[in-house]
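Read off the chains here:
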Amino acid sequence: MSLDDASVKPHDRMQAALAGDLEQVANLIRERMASRHAPRIPEVTAHLVDAGGKRVRPMLTLASARLCGYEGPYHIHLAATVEFIHTATLLHDDVVDESKHRRGRPSANLLWDNQSSVLVGDYLFARSFQLMTETGRLDVLRVLSDAAATIAEGEVLQLTAARNLATTEETYLQVVRGKTAALFSAATQVGAMIADADKETSEALFTYGNALGVSFQIADDVLDYGGAADQTGKDVGDDFRERKLTLPLIKAVAEADADEMEFWRRVIEKGQQDDGDLAQALRLIAKHGALQAAREDAIAWSERAKNALDAVPESELTGMLHDLADYVVARIN
């Protein structure tokens, strides 16, 4: 999801507050994505890293460590670790999804090839584990390695659930927990852990990151059916054309009558899509209130994220985290 299109941008305020730390993270990323023997590695990595992106995930780590009073150097390592894991998953996702664009630019697999994208993604995963071990914290290593496993598990679950109209909301949330929320929650939790925050604070920041990630993904899926291209960076209905079972569609299918189910089987399971089918899908989603119901779910997860912050030390950064939870659903309110 793009975070560029609302008048209030808490992530911009967070970037300003964390500017010094973010510069150190950027320097460490550039240093660790280098390779003496395989120049394609920094070429592919730089193509994606330099394309932009708000670096929300590493900012969550930096903000969590800062608001918990951390004064050491290793929050920089952990923020770079989180960004490497995220970048690796993007490279792999674009191969799996056969994507041609990423962040408004040609995808790495299109410019180079699938082999390069997969292997460079593997390299970045390896680099991320090198970085996290340098903290000397087994508890932090456990959280981030668990997150990496959950991400992979979520991607495989998404493959098995793809184009299957029997996919439930429970399965959808398991996929979202893997593909998005797991890294958000790990990012916030390890920031607290490196600062030796108490268990209540660490768990609260985990809950915040998890709920924020779920809200973030549901909002993205809502925008695919109800947003504008200048808001989302993609055309309305891209998920429909790719036959993805996202929450609005899952909710509409759950309420479908026999004729509607036949339509969904043709366009999603069989992939036989004709002119006018997207318009019909939008009509059915609207008929059953599926888009509004998904919108309400995203907002509920955003509220859950904000409520978790009640157990976190109050500071300017805590306020920014609160505003960020509001912001990810601002365009779907």
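### A closer look at the packing of helix α16 (residues 290-308) against helix α17 (residues 316-327)
Here is step 1 of the chain: Between α16 and α17, whose axes approach to 9 Å, the crossing angle comes to 175°. In terms of their interaxial angle, α16 and α17 are classed as roughly antiparallel. In contact with Ser302, Ala305 and Lys306 of α16, α17 contributes His322, Ala325 and Asp326.
Here is step 2 of the chain: Looking at the contact of α16 with α17 residue by residue, the classes come out as two nonpolar, two polar and two charged.

### A short note on the confidence of the model for the protein chain
Here is step 1 of the chain: Mean pLDDT for the protein chain: 88, with 91% of residues reaching 70 or above.
Here is step 2 of the chain: Across residues 1-7, where pLDDT falls below 50, the model places 22 contacts with residues more than four positions away in sequence or in other chains.

### Here we look at the packing of aromatic side chains
Here is step 1 of the chain: One pass over the full model with this rule turns up two aromatic pairs.
Here is step 2 of the chain: Measuring from centroid to centroid gives 5.3 Å for phenylalanine 184 and phenylalanine 216, while their planes differ by 50°, and the two rings are tilted. Of this pair, phenylalanine 184 sits in helix α9 (residues 169-194) while phenylalanine 216 sits in helix α10 (residues 199-226); the two residues are 32 residues apart in sequence, bridging distant segments of the chain.
Here is step 3 of the chain: A relative accessible area of 0% means that phenylalanine 184 is categorised as buried.
Here is step 4 of the chain: Overall, phenylalanine 216 belongs to the buried group, its relative accessible area being 8%.
Here is step 5 of the chain: Across the ring face of phenylalanine 216, the terminal group of arginine 57 is positioned such that the distance to the ring centre comes to 5.9 Å.
Here is step 6 of the chain: Against the face of tryptophan 301 rests arginine 304, its NZ or CZ located 3.9 Å from the ring centre.

### A few points about the nonpolar core
Here is step 1 of the chain: In this structure, Met14, Leu60, Tyr208, Leu212, Trp264 and Leu321 are the most contacted members of the largest nonpolar core, which totals 100 residues.
Here is step 2 of the chain: Residue contacts for tryptophan 264: discarding those within four places in its chain leaves Leu165, Phe240, Leu249, Ala252, Val253, Ala256, Glu269, Ala281, Leu284 and Ile285.

### What about the side chain of threonine 89?
Here is step 1 of the chain: Of note, threonine 89 is situated in helix α5 (residues 74-96).
Here is step 2 of the chain: Among the residues examined, threonine 89 registers a relative accessible area of 11% and is labelled buried.
Here is step 3 of the chain: When neighbours within four sequence positions are excluded, threonine 89 is seen to be in contact with Phe125 and Ile151.

### Focus: the environment of tyrosine 327
Here is step 1 of the chain: With respect to the helices and strands, tyrosine 327 occurs in helix α17.
Here is step 2 of the chain: On the basis of relative accessibility, which here comes to 7%, the residue tyrosine 327 falls in the buried class.
Here is step 3 of the chain: Taking the C-alpha atoms as reference points, tyrosine 327 and serine 35, separated by 292 residues in sequence, lie 38 Å from one another.

### Focus on the pattern of salt bridges
Here is step 1 of the chain: Applying the stated criterion across every chain, the model contains 18 salt bridges.
Here is step 2 of the chain: Note that arginine 32 and glutamate 31 form a salt bridge whose closest N and O atoms lie 3.3 Å from each other.
Here is step 3 of the chain: For arginine 241, the salt bridge goes to aspartate 238, with nearest N and O atoms at 2.9 Å. Separated by three residues within a single helix, arginine 241 and aspartate 238 lie in helix α12 (residues 238-241), roughly one turn from each other.
Here is step 4 of the chain: Accessibility expressed as a relative area gives 40% for arginine 241, which makes it partly exposed.
Here is step 5 of the chain: Assessed through its relative accessible area of 18%, aspartate 238 is described here as buried.
Here is step 6 of the chain: Each of the salt bridges in this network shares a partner with another, and the network as a whole consists of Glu31, Arg32 and Glu134.

How each quantity is defined
Residues numbered from 1 in each chain as written. Predicted model: local features only at pLDDT ≥ 70, side-chain atom pairs only at ≥ 80, totals over all residues. Heavy atoms only, no water. Axes fitted to C-alpha atoms, helices over the stretch in contact; angles between N-to-C directions. Helix = DSSP H or I, 4+ residues; strand = E, 2+ residues; numbered from the N terminus. Parallel < 35°, antiparallel > 145°, perpendicular 65-115°, else oblique. Contact = heavy atoms within 4.5 Å. Nonpolar A, V, L, I, M, F, W, Y, C, P; charged D, E, K, R; others polar. pLDDT = per-residue confidence, 0-100. Phe/Tyr/Trp six-rings, centres within 6.5 Å; stacked < 30°, edge-to-face > 60°. Buried < 20%, exposed > 50% of the residue type's maximum accessible area, 1.4 Å probe, protein only. Lys NZ or Arg CZ within 6 Å of the ring centre and 35° of its normal. Core = buried A, V, L, I, M, F, W, Y, C linked by side-chain atoms within 4.5 Å. Salt bridge = Lys/Arg side-chain N within 4 Å of Asp/Glu carboxyl O.

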